[in-house]
Amino acid sequence: MQKTQANRLNKELQDFNERQKKGEDSGISILLVDQNITHWKGFINGPSDTPYANGYFQVDIVIPQEYPYKPPKMKFDTRIWHPNISSQTGAICLDILKDEWSPALSIRTALLSLQALLCDPQPDSPQDAVVANQFKTQKDLYVKTAKEWTQNYASKNKQEEKVQNLVNLGFEVGKVREALLRFGYDEEQAANFLLGG
């Protein structure tokens, strides 16, 4: 990693931390994965007045060597029902994460753009054609399904339940939280990791 990239990433990280301390986080936050400055987890609070309200969504962020001249690689770890996000892989269709990226943008602006995308799906530029078709032709069913997925996969209560399930198996709470974060709150993958598998 180049020194200028490390400086840029440390500055962005510091900006996140300062905004969080001031309560100016706008419903987004980040954590480093294994103290690796090029691998982050982003967290987005689901916007109110959307099917994603009360959800807490985790995004995997891998920062390429060419950053900030190339965009970060982002995908949702938390399963989500949205036309511009794959319901299977979490891949995201968002112009600023592809050809509209600019070095003037940051990880923070990318996460804010994802949060805005939750408010304003773009079904004519889908990542998930099934969800986009449902959005266009059966909007009520789309809203119902998106709310159900939010409740089932992005609820903080469900996440805490998974923590408790693994703690009840005898694992330390700190290690459990770390494993669940690493695997997007997939309880089975986290358990396998904790068991050394």
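Bear in mind that the values here come from a model prediction, so they are computed numbers and not experimental data.

### Remarks on the pattern of salt bridges
Applying the stated rule across the entire model yields nine salt bridges. With a shortest N-O distance of 3.2 Å, R19 and D15 are connected by a salt bridge. With R19 and D15 both in helix α1 (residues 3–21) and four residues apart, this pair spans about one turn of that helix. Overall, R19 belongs to the partly exposed group, its relative accessible area being 27%.

### A short note on helix α4 (residues 139–153)
Along an α-helix, residues three or four positions apart point the same way, because every turn accommodates 3.6 residues. Over its 15 residues, α4 extends 21 Å from the first C-alpha to the last, a length consistent with the 21 Å expected when each residue adds 1.5 Å. Burial in α4 covers these residues: Y142, T145, A146, W149 and T150. Axial view of α4: buried residues confined to an arc of 140 degrees, hence all on one face. Of the residues in α4, the exposed ones pointing more than 90 degrees away from the buried face are D140 and Q151. Contact partners of the buried residues in α4: β3 (56–62) and α3 (129–137).

### What to know about the UniProt feature "active site" (unreviewed entry) in the chain
With numbering aligned to this structure, UniProt lists the feature "active site" (unreviewed entry) at C93. Summarising the element assignment, C93 is placed in the loop between β4 (73–76) and α2 (107–119). What C93 contacts, discounting residues up to four positions off in sequence, is N84, K98, L117, S125, P126 and Q127.

### A short note on the side chain of E12
Mapped onto the secondary structure, E12 falls in helix α1. By relative accessible area, E12 is classed as buried at 8%. Within polar-contact distance, the side chain of E12 engages the side chain of Y67 at 2.5 Å. Side-chain polar atoms of E12 contact the backbone nitrogen of I107, separated by 2.9 Å. Among all residues touching E12, those that are not within four sequence positions of it are W40, Y67, S106, I107 and R108.

### Looking at the sheet that holds strand β1 (residues 28–33)
The strand order across the open sheet formed by four strands is β1-β2-β3-β4, and the pairing between neighbours is antiparallel. Single-partner strands in this sheet number two, and they are β1 and β4. In this sheet, adjacent strand axes meet at a mean angle of 25 degrees when their direction is disregarded. Where strand β2 (residues 36–45) meets β3, seven bridges bridge the pair, whose relative direction is antiparallel. Opposite H39, over in β3, you have V62 as the bridge partner. Relative to the sheet, α1 contacts β1 and β2, its axis offset from that of β2 by approximately 35 degrees.

### With respect to the packing of aromatic side chains
By the definition in use, this model includes nine aromatic pairs. Plain terms: the ring middles of F57 and F76 are 6.3 Å apart, the flat faces sit at 75 degrees to each other, and that makes the pair edge-to-face. Separated by 19 residues along the polypeptide, F57 in strand β3 and F76 in strand β4 bring together distant segments of the chain. For F57, a relative accessible area of 0% puts it in the buried group. Its relative accessible area of 2% is what places F76 among the buried residues. Taken together through their ring pairs, the aromatic side chains of Y52, F57 and F76 make up a single cluster. Sitting over the face of the ring of Y153, R79 holds its NZ or CZ atom 5.0 Å from the ring centroid. For K156, the ring lying beneath its charged end belongs to Y56, and the centroid distance is 4.3 Å.

Reading guide: rules and limits
- Residue numbers restart at each chain and count upward from 1, following the sequence in its written direction.
- Local features in this predicted model are restricted to residues of pLDDT 70 or higher, and side-chain atom pairs are both shown and tallied only at a pLDDT of 80 or more, whereas totals for entire chains, interfaces and linings draw on every residue.
- For side-chain calculations, the full set of non-hydrogen atoms in the structure is used, while hydrogens and water are omitted.
- In what follows, salt bridge is the name for a side-chain nitrogen of Lys or Arg lying within 4 Å of a carboxyl oxygen of Asp or Glu.
- Runs of E in the DSSP output that reach at least two residues are strands. Runs of H or I that reach at least four are helices, and both are numbered from the N terminus.
- Here the term buried applies to any residue with accessible area under 20% of the maximum for its type, exposed to any over 50%, and partly exposed to those in between, with areas from a 1.4 Å probe on protein chains only.
- Expected span, for any helix, means 1.5 Å times one less than how many residues it has.
- Note that the arc is computed from the directions linking the helix axis to the C-beta atoms.
- Working rule for contacts: check all heavy atoms of both residues, and any pair within 4.5 Å makes them a contact.
- UniProt positions are given in the numbering used here, feature names are shortened, and annotations may be inferred rather than shown by experiment.
- Under the rule applied, a polar contact is a pair of N or O atoms within 3.5 Å (in protein, one hydrogen donor and one hydrogen acceptor; residues adjacent in sequence only if both atoms are side-chain atoms).
- Note: two strands are recorded as paired if DSSP finds a minimum of 2 bridges between them.
- The convention used is that axes are lines fitted to C-alpha atoms, helices contributing only their stretch in contact, and that angles between N-to-C directions extend from 0 to 180 degrees.
- When the centres of two rings from Phe, Tyr and Trp lie within 6.5 Å, Trp using its six-membered ring, the rings pair. Their planes under 30 degrees apart give stacked, over 60 give edge-to-face, and anything left gives tilted.
- Think of it as a cone above the ring: NZ of Lys or CZ of Arg counts as a charge over the ring if it is within 6 Å of the ring centre and within 35 degrees of the ring normal.

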